[in-house]
Amino acid sequence: MGTGPGRFLASRAGLPKPPRLRRYEAGQDLLTGPARVLGLSGASWTAEVTGWLRAAGVEVVLGNDGDERLGAVVVDATGLRRVAELEELRAGLAPEFRRTTGRVVVLSAVPAELPDVEARAVQQGLEGFVRSLAKEARGGTTVNLLRVADGARTSVRSAVEFFCSARSAFVDGQPLVVGAGVPVPPRDRRVAVVTGAAQGIGAATVEVLARSGHHVVCVDVAASGDKLAAVANRVQGSTLHLDVTAEDAPRTLATHLADRFDGADVVVHNAGITRDRSFVNLDEAAWGSVLAVNLAAPIRLTTGLLDHPGALAPGARFVCLSSMNGLAGARGQTNYATSKAGLVGLVQALAGPLAQRGLAINAVAPGFVETPMTAAMPPVPRELGRRISSLQQGGLPVDVAETIGWLAQPDAAGIDGQVLRVCGQNLLGA
Ligand SMILES: NC(=O)c1ccc[n+]([C@@H]2O[C@H](COP(=O)([O-])OP(=O)(O)OC[C@H]3O[C@@H](n4cnc5c(N)ncnc54)[C@H](O)[C@@H]3O)[C@@H](O)[C@H]2O)c1
């Protein structure tokens, strides 16, 4: 994994080899082996989940058939209401967990929707369970929690499939609320915009969105020149040279989308910069430029698109690139963390009003990702950054892109106002 110096340091320190993660490849099976669907007391999703997995070509085994390796276990714990019932989770899952190499997905209720104190406590407890089990999982197995809100059918199916699939390879130990969402009307051609598309996570996102049938408008500064064109050409997308901080950027982008594309279905606020320095050494330029690109621009672009008739298609979805460091705090990154935590505020502030218009907004928060940005770090902190995650490695740009690609799908409409970490369960701020 990673760079030569990183491998050298890891072997000198006697660290185990990180597991090889199974990532998406065209035509691959959803799982590497059969799945088990475990319904605990009061479970209501067992039959549906079984049906969805079978429809996706997965063999679903009904009992514990011995030593056969499982590709996934889906646990329906939505009906658990009493502390004593948690024993079912232990007794039912422990033998299955032992033979699972792939995915564990736990379905829970949304604690806030439950009137009963004990039920709420039990359902909240599942978060601690999932976060801990993820730390015990080996071989690239991930464990995640889906909190299923009332009436959330379509998005539950979409979420179960995503969290079982290789597309979620680097999402681990995370809780996510799955709501009902507003159905997104179909369109002949879906259009996505990705800012900062010339390289890194942005370029990978362009590829994933194009793979799922989007025409992608690739946005980056003029200086990105040929690199941006190459990314767009690979997927028959188009380019727009735009500095997202420019005074007229919101109007330029809105007009472009309304006049040429009949509105965007997906807007990914990916452009971002770092200017790392200890707080006392940050000058106005290093402070201000990071806030301008990473926070002020997404706010202005989002409101500009919302206010411009025709800039957004019905059911449009925004995805912001936050950061684990924004959630956890990072030495030398007070400017960056302010901007990235600020995006969480943007998501939370807009989710309600946008939902009333049938739109949605979410953030992904990448952890340590192998990009030119992290390659420039000194070897020791770089190797440490990779290793302090449950998956014991850094992610790849495509891991973040796959998560954005899923959030952009019409059938993920029930995911709204959320921040999903793509960090391999990194210990920072977890
Ligand atoms: N790499 C990581 O480990 C990591 C971790 C957490 C969050 N993120 C976030 O993910 C996003 C992408 O990160 P990356 O590592 O791929 O970055 P990167 O530096 O490789 O690419 C960023 C792109 O944004 C473009 N850009 C910068 N300023 C711009 C502006 N004013 N207008 C238009 N485009 C502009 C750049 O030209 C570049 O192409 C960023 O928002 C970053 O903060 C990255």
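Throughout, residues of each chain are indexed from 1 in the direction in which the sequence is written. In keeping with the predicted nature of the model, local features appear solely for residues at pLDDT of at least 70, side-chain atom pairs appear and are counted solely at 80 or more, and the whole-chain, interface and lining totals rest on all residues. Each side-chain value is derived from all of the structure's non-hydrogen atoms; neither hydrogens nor water enter the calculation.

Describe helix H6 (residues 200-211), and please don't skip the residues or the numbers.
Helix and strand labels come from DSSP, where a helix needs a run of H or I of at least four residues and a strand needs a run of E of at least two; each type is numbered from the N terminus. By this rule, a helix spans an expected 1.5 Å times one less than how many residues it contains. Here H6 is 12 residues long and its end C-alpha atoms lie 17 Å apart, about the 16 Å a rise of 1.5 Å per residue gives. Three or more residues of H6 are buried, namely Ile201, Gly202, Ala203, Ala204, Thr205, Val206, Val208, Leu209 and Ala210. Following H6 by one or two positions, Gly213 adopts a phi angle in the positive range, close to 90 degrees. Only protein chains enter the accessibility calculation, which uses a 1.4 Å probe; a residue whose area is less than 20% of its type maximum is buried, one above 50% is exposed, and one in between is partly exposed.

Which residues make up the site of the ligand, and what values do they have?
Residues are counted as near a molecule or strand when any one of their heavy atoms sits within 4 Å of it. The full set close to the ligand counts 26 residues, and Gln199, Ile201, Asp220, Asn270 and Tyr336 are the nearest of them. For this analysis, a polar contact is any N or O atom pair within 3.5 Å, provided that within protein one partner can donate a hydrogen and the other can accept it, and provided that sequence-adjacent residues contribute only side-chain to side-chain pairs. One of the side-chain N or O atoms of Gln199 is found 2.8 Å from an oxygen atom in the ligand. Between Asp243 and the ligand, the recorded distance is 2.9 Å, taken from a side-chain N or O atom to a nitrogen atom. Method for areas: the Shrake-Rupley scheme with a 1.4 Å probe, in which residue coverage is limited to the protein chains shown. The fraction of the free accessible surface of the ligand (830 Å²) that becomes covered by protein chains is 90%. For the shell around the ligand, the elements supplying multiple residues, two or more each, are H6, helix H11 (334-356) and helix H12 (372-375).

Explain the packing of aromatic side chains to me, using residue names and the numbers behind them.
Within 6.5 Å between ring centres, the rings of Phe, Tyr and Trp (the latter by its six-membered ring) count as paired, and their orientation is classed by plane angle as stacked under 30 degrees, edge-to-face over 60, tilted in between. Across all of its chains, the model carries 5 aromatic pairs by this definition. Look at Phe162 and Phe163: their rings are 5.2 Å apart centre to centre, the planes differ by 85 degrees, and that puts the pair in the edge-to-face class. Residue class for Phe162 comes out buried when judged on its relative accessible area of 0%. Note on Phe162 and Trp406: the rings are 4.6 Å apart at their centroids and 5 degrees apart in plane angle, and the pair reads as stacked. Of this pair, Phe162 sits in helix H5 (residues 153-164) while Trp406 sits in helix H14 (residues 397-407); the two residues are 244 residues apart in sequence, bridging distant segments of the chain. Put simply, a charge is over a ring when the Lys NZ or the Arg CZ is close to the ring centre, within 6 Å, and near the line of the ring normal, within 35 degrees. Sitting over the ring of Tyr24, Arg211 keeps its end group 3.7 Å from the ring centre.

Describe in detail the domain arrangement of the protein, supporting the description with residues and values.
Domain parsing of the protein yields domain 1 (17-178) and domain 2 (190-422). Domain borders in the structure are assigned automatically or taken from a domain database. Placing the centre of domain 1 and that of domain 2 at their C-alpha centroids yields a distance of 29 Å. Counting residues at the interface gives 25 residues for domain 1, matched by 24 residues for domain 2. When two parts are brought into contact, each loses some accessible area as probed by a 1.4 Å sphere; the total of that loss over both is the buried area. In terms of surface lost to domain 2, no three residues of domain 1 exceed Arg23, Phe170 and Leu176, which account for 28% of the buried area on that side. Throughout this description, the term salt bridge denotes a Lys or Arg side-chain nitrogen within 4 Å of a carboxyl oxygen of Asp or Glu. Remark: the boundary between domain 1 and domain 2 carries 1 salt bridge. With a shortest N-O distance of 2.8 Å, Arg23 and Asp399 are connected by a salt bridge. The set of elements that each furnish at least two residues to the side of domain 1 that touches domain 2 consists of helix H4 (117-136), H5 and strand S6 (175-178). Two residues form a contact once any of their heavy atoms are found within 4.5 Å.

Tell me what's going on with the environment of Arg190, and back it up with residues and numbers.
Looking at the secondary structure, you find Arg190 in strand S7 (residues 190-195). Note: C-alpha distance between Arg190 and His214 (24 residues apart in sequence) is 4.9 Å. Aside from chain neighbours lying at most four places away, what touches Arg190 is Val184, Gly213, His214, His215, Asp265, Val266, Ala408 and Pro410. A polar contact is formed between the side chain of Arg190 and the backbone oxygen of Ala408, at a distance of 2.8 Å.

Give a description of the pairing of S6 that names residues and reports values.
In this description, strands pair whenever DSSP reports at least two bridges between them. Where strand S5 (residues 142-148) meets S6, 4 bridges bridge the pair, whose relative direction is parallel. Paired with Arg147 across the two strands is Val177, which belongs to S6. Consider the strands pointing away from the viewer: the crossover is right-handed when the path from the first strand over the helix to the second runs clockwise. A crossover connection joins S5 to the parallel S6 through H5; in handedness this β-α-β unit is left-handed.

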